[in-house]
Amino acid sequence: MRKISTPYLLLLPGVAFLFTFFILPIINLAQTSTQTPVGGGDTGEFEQTLRFSNYLDAFLENKEQFGRSFVYATIATLLALAIAYPLAYAIALKGGKLKNFMLILVIAPFFTSFLLRTVAWKQILGEEGFVVPTLRTIGIISDSTTLTSTSFAVVMGMTYNFLPFMTLPLYASIDRIDPRTLEASGDLYANGFTTFRRVTLPLSMPGVVAGTLLTFIPAAGDYVNAAILGSPNTKMIGNVIESRYLKIVDYPTAAALSFTLMIVILILVTVYVRKAGTEELV
Amino acid sequence: MTKESISAKGDLRLTRLTKSYGDFTAVDDLSLVIPEGSFFALLGPSGCGKTTTLRMIAGLEEPTVGSIHLGTTDITTTKPYQRPINTVFQNYALFPHLTIFENIAFGLRRRGIKDVDAAVTKVLDLVELPHLAQRKPTQLSGGQQQRIALARAIVNRPALLLLDEPLGALDLKLRRQMQIELKWIQKEVGLTFVHVTHDQEEAMTMADTIAVMNEGQIEQMGSPADLYDNPKTAFVANFLGQSNLIKGTISGNDGDSHIVDVFGQKISLQKNRSHAVDNSIYAGIRPEKFRISRLGTPTSGNILTGGHIEDVSYIGVSTQYQVEMPWGQELMVFEQNDDGVAPFSKDEEVNISWEPIFTFGLRGDEDATAGSEVNPEELDEE
């Protein structure tokens, strides 16, 4: 009998799991996406007719939500990057003995439910929270302006919820930088800003790429933030898919939208990784 | 573009330099002049303050007290990137994301130098690695990285080049080769090199002048031969090579020499080689200066009788003996195997002798073991 090598045995549980809970559903989804309702059948009864124009119909009908998803996800990712980079930098390079404690604080939000925290944001941004009255007092927003049910609230919610996914990979890659290379840069006539641009930032690029992907991908497909913090005017593609599946029971459209979303994200990510990976940043 | 780096040059002058971290004083009131164009070594065990001194010169640490001058310019608080000083870091600290070419070009580009290509090519030729220009640092061996780190610093033609344990990560054979090469490159480019090391052999091979540091202060400064032949303190005598220190009392004078009584036997010591402050003295003799002779063989110079060979180690070029003297002290004797005479064997009764000019004198109240318990080879990096 041929000996099966250990690495393959170690792969087995993962492969079996992914096959059952990822590959099979994907195939099922692909099949569903080209089905059409059974003539005269009940709600939820579909037959395979290989109607590929389901995709075009679904896309054209929801262009706006698609666009909004990518705009929101992009803004949330950039905001998260802007907040997380200095944070990760400070923890990695100036954290000292408090490093681990600060990292725990970064992931502490995970100890409570994602949903609960998003509901809490609704309170924070609501009329009864302290943010709106404060902003009104300083005159940043007018008395008639509210923050809930706005794109601002949705983007802020997404930024907050995905911040740890941005912070942790950034921390990991900044922490790996040998502080002596930063000293060497200073020694070689680069001031603080030049050192950041020529040494720190390029060396932390793996973290930037990983963090933006881990934020952008789930953000683009997210529907919880838009559902809780938004309004019908801030609907994202995730919300459309959710309602097509669970409320309207239009499985083929939901499946076609899911596939379209997946493919668009895949293309964007590929282009992005290629660019970030090969571009000489110096 | 960054603020212009200053263009000072000349001797490096450290004046009453002190660096404290809380209660701990790393560098203690250190004053020193390093002449332009010299190869200067700061030598000392781990924690003696040599690296802190180097970092203050580089601008990576700010002195608590004191000043640093380059020529007539005070650079005590000048930012590192404005100092005409470059460093070869301990673990090279090459930029992993840049090619070798760009690593070397880094300093030139920051200063807006015009002909980067020519300068980089020239320095790559100097370190004999022109074919590696397009590689990344991780694709190079330790010895190659070391040379690139050197090239990256000297390409800027700084007024001062600092080397922080530059050969510490290399194996012994490569280290020997690089010592000779570094010395050659220093002569070739004519820059001032300040070299920090805990390896006395490395310091002696390369430096014109060595400052031996201990506990934040300079114990003694001089040429390698000065320090070896005429150490001022027990620390220097033991840290730089090995020494036999024999307790004695100055009992009289004979012209330019002291007569020293060591456990009832008389030896002589030149007055100008004595650092004793009163009659109490340690007579110091390097192990290779001793000669061993069988009882009854005529000998000249200083003679100590009554030795008993305790141990013999034959190591090829020389034989090392442990000789126990009547007062219980074991003396170390290195004999060159160059006279065709069979080595002495264990338990032989012998006399030992040496030329009086090789004797040096240390204060009798010193700790005779100072500096000997630190084995430089086993020390970790600071």
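Participant: Explain the overall build of chain A to me, and be specific about the residues and the numbers.
Facilitator: On a plain count of helices and strands, chain A comes out with twelve helices and two strands. Its C-alpha atoms give chain A principal-axis dimensions of about 80 × 75 × 35 Å. Of all 282 residues assigned to chain A, the portion counted as buried reaches 30%. In chain A, of all internal contacts separated by at least 6 residues, the share reaching a separation of at least 24 is 70%.

Participant: Could you give an account of the overall build of chain B, naming the residues involved and the relevant values?
Facilitator: Each helix and strand counted, chain B has eight helices and 20 strands in total. Projected onto its principal axes, the C-alpha positions of chain B cover 80 × 45 × 35 Å. The buried share of chain B, taken over its 382 residues, is 42%. Long-range pairs, those at least 24 residues apart, make up 67% of the contacts in chain B between residues at least 6 apart in sequence.

Participant: Lay out the sheet that holds strand S8 (residues 192–197) of chain B with the relevant residues and their values.
Facilitator: Residues and elements named next belong to chain B. The six strands lie next to each other as S6-S7-S8-S3-S9-S10, forming an open sheet whose pairing is mixed. At either margin of the open sheet sits one strand with a lone partner, and together these are strand S6 (85–88) and strand S10 (217–222). The average undirected angle you get between the axes of adjacent strands in this sheet is 20°. Of the pairings in the sheet, the one linking strand S3 (residues 39–43) to S8 comprises five bridges and is parallel in character. Bridged to Phe39 within S8 is Phe193.

Participant: So, the packing of helix H2 (residues 100–110) of chain B against helix H4 (residues 142–154) of chain B: which residues are in play, and what are the values?
Facilitator: Residues and elements named next belong to chain B. At a minimum axis distance of 7 Å, the contact between H2 and H4 shows a crossing angle of 30°. In terms of orientation, H2 lies roughly parallel with respect to H4. Crossing of H2 over H4 shows right-handed handedness. Between H2, through Ile100, Asn103, Ile104, Phe106 and Gly107, and H4, the contact on the second element is made entirely by Ile148, Ala151 and Arg152. When grouped by side-chain class, the residues that make up the contact of H2 with H4 number five nonpolar, two polar and one charged.

Participant: Explain the interface of chain A and chain B to me, and be specific about the residues and the numbers.
Facilitator: Listed per partner, the contact involves 16 residues of chain A and 20 residues of chain B. For the side of chain A that touches chain B, the elements supplying multiple residues, two or more each, are helix H8 (179–187) and helix H9 (192–221) of chain A. Element by element, the count of residues in the side of chain A that touches chain B is highest for H8(A), at six residues. Looking at the side of chain A that touches chain B residue by residue, the classes come out as eight nonpolar, four polar and four charged.

Participant: How would you sum up the environment of B:Ile303? Please name residues and give values.
Facilitator: Residues and elements named next belong to chain B. Of note, Ile303 is situated in strand S16 (residues 302–314). Measuring from C-alpha to C-alpha, the distance between Ile303 and Arg291 comes to 9.4 Å, with twelve residues separating the pair along the chain. Those residues within four positions of Ile303 in sequence are excluded, and the remaining contacts are Asn351 and Ser353.

Participant: Which residues make up the pairing of strand S2 (residues 24–34) of chain B, and what are the values?
Facilitator: Residue and element names in this part refer to chain B. As judged from the seven bridges shared by strand S1 (residues 12–21) and S2, these two strands associate in the antiparallel manner. Bridge pairing in S2 places Ser20 opposite Thr25. Taken together, S1 and the strand that follows it, S2, pair antiparallel across an intervening segment of two residues, in which Gly22 is found at a positive phi of about 60°.

Participant: Provide a residue-level description of the domain arrangement of chain B, including the pertinent values.
Facilitator: Considered domain by domain, chain B is made up of domain 1 (12–229) and domain 2 (243–369). Measuring from the centre of the C-alpha atoms in domain 1 of chain B to the corresponding centre in domain 2 of chain B gives 39 Å.

Participant: Explain the pairing of strand S9 (residues 209–214) of chain B residue by residue, including any values.
Facilitator: Walk down a regular strand and you will see the side chains alternate between the two sheet faces. Residue and element names in this part refer to chain B. Of all six residues that make up S9, five are buried, and the element is covered over most of its length. Across four bridges, S3 lies against S9 in parallel orientation. Opposite Phe40, over in S9, you have Thr209 as the bridge partner. Of the strand pairs in this sheet, S9 and S10 are connected by five bridges, and their pairing is antiparallel. Paired with Val212 across the two strands is Gln220, which belongs to S10. Taking the residues that link successive antiparallel strands as the turn, the S9-S10 hairpin has two residues, and the phi of Glu215 there is positive, at about 50°.

Participant: Can you lay out the sheet that holds strand S18 (residues 330–336) of chain B for me, pointing to particular residues and giving the numbers?
Facilitator: All names here are of chain B. The five strands are arranged S15-S19-S16-S17-S18 in an open sheet whose pairing can be described as antiparallel. On the outer flanks of this sheet lie strand S15 (291–294) and S18, each paired with one strand and no other. Looking at each pair of strands side by side, their axes are set apart by 45° on average, direction ignored. Bridge count between strand S17 (residues 318–324) and S18: seven bridges; the pairing is antiparallel. If you follow Ser318 over to S18, its bridge partner there is Gln336.

Participant: Tell me about unusual backbone geometry, and name the residues and values.
Facilitator: A positive phi angle is found at A:Ser149, which is not glycine, with a value near 60°. Structurally, A:Ser149 can be placed in the loop between helix H6 (131–138) and helix H7 (151–175). On the basis of neighbour counts, which here come to 18 C-beta atoms within 10 Å, the residue A:Ser149 falls in the partly exposed class. The backbone phi angle of B:Asp29 is positive, close to 50°, even though this residue is not glycine. Along the chain, B:Asp29 falls in strand S2.

Definitions and limits used
Residues numbered from 1 in each chain as written. Chains lettered and ligands numbered in written order. Predicted model: local features only at pLDDT ≥ 70, side-chain atom pairs only at ≥ 80, totals over all residues. Helix = DSSP H or I, 4+ residues; strand = E, 2+ residues; numbered from the N terminus. Buried ≥ 20, exposed ≤ 12 C-beta atoms within 10 Å, placed from the backbone. Contact = placed C-beta atoms within 7 Å. Pairing = 2+ DSSP bridges. Axes fitted to C-alpha atoms, helices over the stretch in contact; angles between N-to-C directions. Parallel < 35°, antiparallel > 145°, perpendicular 65-115°, else oblique. Left-handed = near helix turned anticlockwise from the far one by under 90°. Nonpolar A, V, L, I, M, F, W, Y, C, P; charged D, E, K, R; others polar. Domains from an automatic or database assignment.

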